[in-house]
Amino acid sequence: VSPKMAEAFSTSKIEYDEFTDEWGTPRSIFMPIGTIGGHMTVIGVDYPMTELKTAIRSALVGALWRGVLLFVLSTAVFILLLNPIISNAQKLISRLEKMTNNGLDLTSKVDITSKDEFGCIANKFNMFIDTTRESMSGIMQQVDIIARSGATLENSVHDISSGIDTQVQEVEDLRISINEMNDSIGQIAGNSVETSHKASETLGITNDSKSSVQITI
């Protein structure tokens, strides 16, 4: 009798034992059970180790196969779940690269309609594209207005400059006319003086002639 049976009686706990006899090497299990009358009895069961090892080996192999199958299935599910995320990330990265390489391209948006975080990022990015495009359009309109105003101002300055040149030329012509008038007035004054002198000389000659005539008479 195995000593583990006595321990099962004394401890009231399940005990295990292995031994070898003429029937082989079994594994014994001793399970204490209380009776209705308050007595303790122990049930012993012998289980051949070869069958136990075979059962354990089969359980391990089955668990291994189940683990492999579970790994394959979980990997497939993970790939299926991860594929949209990778696709959305690639779309977002491609759009950012296109935007930076083509010099702030604001003509296209990110085509992501999912409801996850990438969809939220794509939606915000598309809103940024729209706002930036509208801002750039407003800036270009203001630049066009400023350019046209500059052209108008340049034409006005040119007209004013032309008017000033014309006025300067008119003042110069007036100065020349005044100088010519002064010269003419000077010449007329000179001629008047000369005429006066000649008149005085003529008058003197006339007086002399008159005196001579009177003396002769």
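Rules used throughout
Residues numbered from 1 in each chain as written. Predicted model: local features only at pLDDT ≥ 70, side-chain atom pairs only at ≥ 80, totals over all residues. Heavy atoms only, no water. Helix = DSSP H or I, 4+ residues; strand = E, 2+ residues; numbered from the N terminus. Buried < 20%, exposed > 50% of the residue type's maximum accessible area, 1.4 Å probe, protein only. Areas by Shrake-Rupley, 256 points an atom, 1.4 Å probe, with all protein chains shown as cover. Pairing = 2+ DSSP bridges. Axes fitted to C-alpha atoms, helices over the stretch in contact; angles between N-to-C directions. Salt bridge = Lys/Arg side-chain N within 4 Å of Asp/Glu carboxyl O. Core = buried A, V, L, I, M, F, W, Y, C linked by side-chain atoms within 4.5 Å. pLDDT = per-residue confidence, 0-100. Patch = residues over 30% accessible without salt bridge, like charges linked within 9 Å, V, L, I, M, F, W, Y side chains within 5 Å.

## A short note on the overall build of the protein chain
- On a plain count of helices and strands, the protein chain comes out with 3 helices and 3 strands.
- Order of helices (α) and strands (β) in the protein chain, N terminus to C terminus: α-β-β-β-α-α.
- Taking all 217 residues of the protein chain together, 12% fall into the buried category.
- Summing over all exposed atoms, the protein chain offers an accessible surface of approximately 17100 Å²; the carbon and sulfur share of this is 64%.

## Points about the sheet that holds strand β2 (residues 26–34)
- Reading across from one edge, β1-β2-β3 is the order of the 3 strands in this open sheet, with antiparallel pairing throughout. Since the sheet does not close on itself, it has two edges, and those belong to β1 (15–18) and β3 (40–48), each with one partner. Within this sheet the neighbouring strands show an average axis-to-axis angle of 20°, counted without direction.
- In this sheet, β3 lies alongside β2 in antiparallel orientation, the contact comprising 9 bridges. What sits directly across from Pro26, in β3, is Pro48.

## Some remarks on the pairing of β1
- The side-chain alternation of β1 yields one buried face, formed by Glu15 and Asp17, and one unburied face, formed by Tyr16 and Glu18.
- Taken together, the 4 bridges between β1 and β2 define a ladder with antiparallel strand orientation. Within β2, the residue paired with Tyr16 across the bridge is Ile29.

## Digging into the pattern of salt bridges
- Counted under the stated rule, the structure contains 2 salt bridges.
- Of the charged contacts in the structure, one is a salt bridge between Arg148 and Asp144, with a shortest N-O distance of 3.2 Å. Of this pair, Arg148 and Asp144 both sit in helix α3 (residues 117–216), 4 residues apart, which is roughly one turn of the helix.
- For Glu172, the salt bridge goes to Arg175, with nearest N and O atoms at 2.4 Å. One end of the pair, Glu172, and the other, Arg175, are both in helix α3, 3 residues apart, so they sit about a helical turn from each other.

## Looking at the nonpolar core
- Leu92, Val110, Ile112, Ala122, Phe125 and Ile129 together form the largest nonpolar core, which totals 6 residues.
- Looking at which element gives the most residues to this core, the answer is α3, with 3 residues.

## Examining the confidence of the model for the protein chain
- Across the protein chain, the average pLDDT comes to 77, with 86% of residues at or above 70.
- Mean pLDDT values over the elements of the protein chain span from 76, in α3, up to 82, in helix α2 (residues 49–101).

## Section: the side chain of Glu15
- On the secondary structure map, Glu15 appears in strand β1.
- Classification of Glu15 by relative accessible area gives buried; the value is 15%.

## Some remarks on a nonpolar patch on the surface
- On the surface, a nonpolar cluster with roughly 500 Å² of combined accessible area is contributed by Ile14, Tyr16, Met31, Ile33, Ile43 and Val45.
- Elements with a contribution of two residues or more to the nonpolar patch: β2 and β3.
- Among the secondary structure elements, Tyr16 is positioned in strand β1.

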